[in-house]
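This is what each chain is made of:
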Amino acid sequence: MENSNRAAEKKYNIWIVILSVAIPLIVGALFGINLRDLGYDVEPLTFLPPIYATINGLTALLLIIAFWAIRNKNIVLHKTLMTTAIGCSILFLLMYIAYHMTSDSTPYGGEGVMRYVYFTILISHILLSIVIIPFVLITYVRAITNNIERHKKIARITFPIWLYVALSGVIVYIMISPYYV
């Protein structure tokens, strides 16, 4: 059974690699493109940051409840919550790109120690949001290919990183929100 699970898992590896590389590259490229600067008449989507921060918070909540569900052997609820968390992360990413392609970046206006706190959280959030992509994909693939023991092993790493990324996204939003125009 173990070999058939690994064989099923292996067919997804190319997609895990492609998505793990492509997503950060595409986001990075699109982050630097502002449609208004290119002459397109688009309204800045300034209403999106509180929405995608809320989605980050919802993702964190889903992860915590999914953890509770699996600890209580509620596999169906766990699967539903984890799939929803992935969907929320995708929705967040689409809104984040849309906002940055239509709106000017907001500089952080805090001073002193808070400036260091903000940038420490922001930088760790950005770096770990890149790192978490292959972890989430591998964890998900191991679940859908029914390789549960290997799923559990990597989920122990994926869960705290993903939770940190979701929560730190909310904290970054709260810290920068007073400086939105």
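Let me sum up the structure you'll find in this document. (Residues numbered from 1 in each chain as written. Predicted model: local features only at pLDDT ≥ 70, side-chain atom pairs only at ≥ 80, totals over all residues. Heavy atoms only, no water.)

**Quick word on the overall build of the protein chain**
In plain terms, the rule: Only runs of H or I of at least four residues qualify as helices and only runs of E of at least two qualify as strands under DSSP, and these elements are numbered from the N terminus. Burial classes follow relative accessibility: with a 1.4 Å probe on protein chains only, a residue under 20% of its type's maximum area counts as buried, one over 50% as exposed, and anything between as partly exposed. Contact criterion: two residues are considered in contact whenever any of their non-hydrogen atoms come within 4.5 Å of each other. Each accessible area value is a Shrake-Rupley result obtained with a 1.4 Å probe; residue values ignore everything except the protein chains displayed when judging cover. For the purpose of charge, His is not counted, nor are the chain termini; Lys and Arg are scored as positive and Asp and Glu as negative. The atom standing in for a charge is NZ when the residue is Lys, CZ when it is Arg, CG when it is Asp and CD when it is Glu.
The secondary structure content of the protein chain amounts to six helices and zero strands. Shown N-terminal to C-terminal, the secondary structure of the protein chain runs as helices and strands in the order α-α-α-α-α-α. Dimensions of the protein chain, computed from C-alpha atoms along their principal axes, come out at roughly 55 × 35 × 25 Å. Going through the 181 residues of the protein chain one by one, you find that 33% of them count as buried. For the protein chain, long-range pairs separated by at least 24 residues make up 80% of all intrachain contacts whose partners lie at least 6 apart in sequence. Total accessible area computed for the protein chain in this model is approximately 11000 Å², and 71% of it derives from carbon and sulfur atoms. Side-chain charges of the protein chain comprise 13 positive and 8 negative groups, with the mean position of each set lying 21 Å from the other.

**Brief notes about helix H3 (residues 48–71)**
Applicable threshold: In this scheme, a helix's expected span is set at 1.5 Å multiplied by one less than its residue total.
For H3, spanning 24 residues, the distance from its first C-alpha to its last is 34 Å, which sits close to the expected 34 Å at 1.5 Å a residue. Immediately beyond the C-terminal end of H3, within one or two residues, lies Lys73, with a positive phi of roughly 60°.

**As for the pattern of salt bridges**
Between side chains of opposite charge, pairing is possible as soon as their charged atoms come close. The condition that has to hold: Here a salt bridge means any side-chain nitrogen of Lys or Arg lying within 4 Å of a carboxyl oxygen belonging to Asp or Glu.
For the structure shown, the criterion picks out four salt bridges. Here Glu9 ties to Arg150 by a salt bridge, and the two come within 2.8 Å at their closest N and O atoms. Remark: Arg150 occurs in helix H6 (residues 148–176) and Glu9 occurs in helix H1 (residues 2–10); sequence separation between them is 141 residues. Here Glu9 and Arg150 have matching classes, each one buried. Of the charged contacts, one joins Arg36 and Asp104 as a salt bridge, the two residues approaching to 4.0 Å between their closest N and O atoms. Within this pair, whereas Arg36 is found in the loop between helix H2 (13–31) and H3, its partner Asp104 is found in the loop between helix H4 (75–102) and helix H5 (113–144), the two being separated by 68 residues in sequence. Take Arg36: its relative accessible area is 32%, and that puts it in the partly exposed class. Three or more residues are tied together by salt bridges with common partners; here these are Glu9, Arg142 and Arg150.

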